Structure formats: C-alpha cells, structure tokens
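Listed below, chain by chain, are the residues.
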Amino acid sequence: MTPEMVSSTWLASLALSLLSHLTTTVLPNIPSLSTAGAAQLAEDLGYLSQIVKALNVEWEKLEQWKDVICSTDYA
C-alpha cells in the first residue's frame, strides 16, 4: 500500500470511530437544547457531514440526527 492509501484508510477509520461515538454516546446524552442551540447543533452536524464526505465516509445516523434536530421544537 502507498503512504496515501494508508493515510486515507486511517482517516476514514478515525472518522468512523468519531461518528460512532458521537451518534451513540454524545448526542443521545444531551438532555435539552434551546432553539438557538438546536439550530447551531444542526449547522455543526451539517458541516461535519460535509467534512467526512470529503474523506469518502458516510454515516447515515449523522444525517438522521441532523434531521431530527432540525424538525424538533426545542422552545
């Protein structure tokens, strides 16, 4: 394997580990959000989604969380 392939594989693995932890541990443990907090979190998850897609990583649960946060009334 070339160094580029090793780096790409390592980054993808790291991204998958991060996304798994985020969507199974961190996000489910947020007790509540303000309206502004929900909007900010939805934006942040959107940015994160774009970043990991640039690394050729997709994580459906991330999109699901973003959709739920956008559609939930936190007021």
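A brief look at the structure comes next.

## Details of the overall build of the protein
Alright, step 1. Within the protein, the secondary structure is distributed over three helices and zero strands.
Alright, step 2. In the protein, the order of α-helices and β-strands from amino to carboxyl end is α-α-α.
Alright, step 3. Its C-alpha atoms give the protein a radius of gyration of 14 Å, clearly above 11 Å, the size a compact globule of 75 residues would have.
Alright, step 4. Oriented by its inertia axes, the alpha-carbon framework of the protein measures out at about 50 × 20 × 15 Å.
Alright, step 5. Looking at the protein as a whole, 24% of its 75 residues are labelled buried.
Alright, step 6. Total accessible area on the protein is roughly 5200 Å²; 60% of this is exposed by carbon and sulfur atoms.

## Section: a nonpolar patch on the surface
Alright, step 1. On the surface, Trp10, Leu11, Leu14, Ile51 and Leu55 cluster together into a nonpolar patch covering about 480 Å² of accessible area.
Alright, step 2. Turning to its location among the elements, Leu11 is positioned in helix H1 (residues 3-26).
Alright, step 3. The exposure class of Leu11 is partly exposed, given its relative accessible area of 35%.

## Considering the side chain of Thr23
Alright, step 1. Counting through the fold element by element, Thr23 comes out in helix H1.
Alright, step 2. Under the relative-accessibility criterion, Thr23 is labelled buried at 5%.

## Thoughts on the pattern of salt bridges
Alright, step 1. Under the defined criterion, the tally for this structure stands at two salt bridges.
Alright, step 2. Measuring nitrogen to oxygen at the nearest pair gives 3.9 Å for the salt bridge that ties Glu63 to Lys53. Residue Glu63 is located in helix H3 (residues 60-71), and its partner Lys53 is located in helix H2 (residues 35-54); the two are separated by 10 residues in the primary sequence.
Alright, step 3. You can call Glu63 partly exposed: its relative accessible area is 23%.
Alright, step 4. A salt bridge links Glu63 to Lys66; its shortest N-O distance comes to 3.4 Å. Taken as a pair, Glu63 and Lys66 lie in helix H3 at a separation of three residues, close to a single helical turn.
Alright, step 5. On the basis of relative accessible area, Lys66 is assigned to the partly exposed category, the value being 22%.
Alright, step 6. Via salt bridges that share partners, Lys53, Glu63 and Lys66 belong to a single interconnected network.

## Quick look at unusual backbone geometry
Alright, step 1. The backbone phi angle of Asn56 is positive, close to 65 degrees, even though this residue is not glycine.
Alright, step 2. Relative to the helices and strands, Asn56 is located in the loop between H2 and H3.

Cut-offs and rules
Residues numbered from 1 in each chain as written. Predicted model: local features only at pLDDT ≥ 70, side-chain atom pairs only at ≥ 80, totals over all residues. Heavy atoms only, no water. Helix = DSSP H or I, 4+ residues; strand = E, 2+ residues; numbered from the N terminus. Rg over C-alpha atoms; globule rule 2.2 N^0.38 Å. Buried < 20%, exposed > 50% of the residue type's maximum accessible area, 1.4 Å probe, protein only. Areas by Shrake-Rupley, 256 points an atom, 1.4 Å probe, with all protein chains shown as cover. Patch = residues over 30% accessible without salt bridge, like charges linked within 9 Å, V, L, I, M, F, W, Y side chains within 5 Å. Salt bridge = Lys/Arg side-chain N within 4 Å of Asp/Glu carboxyl O.

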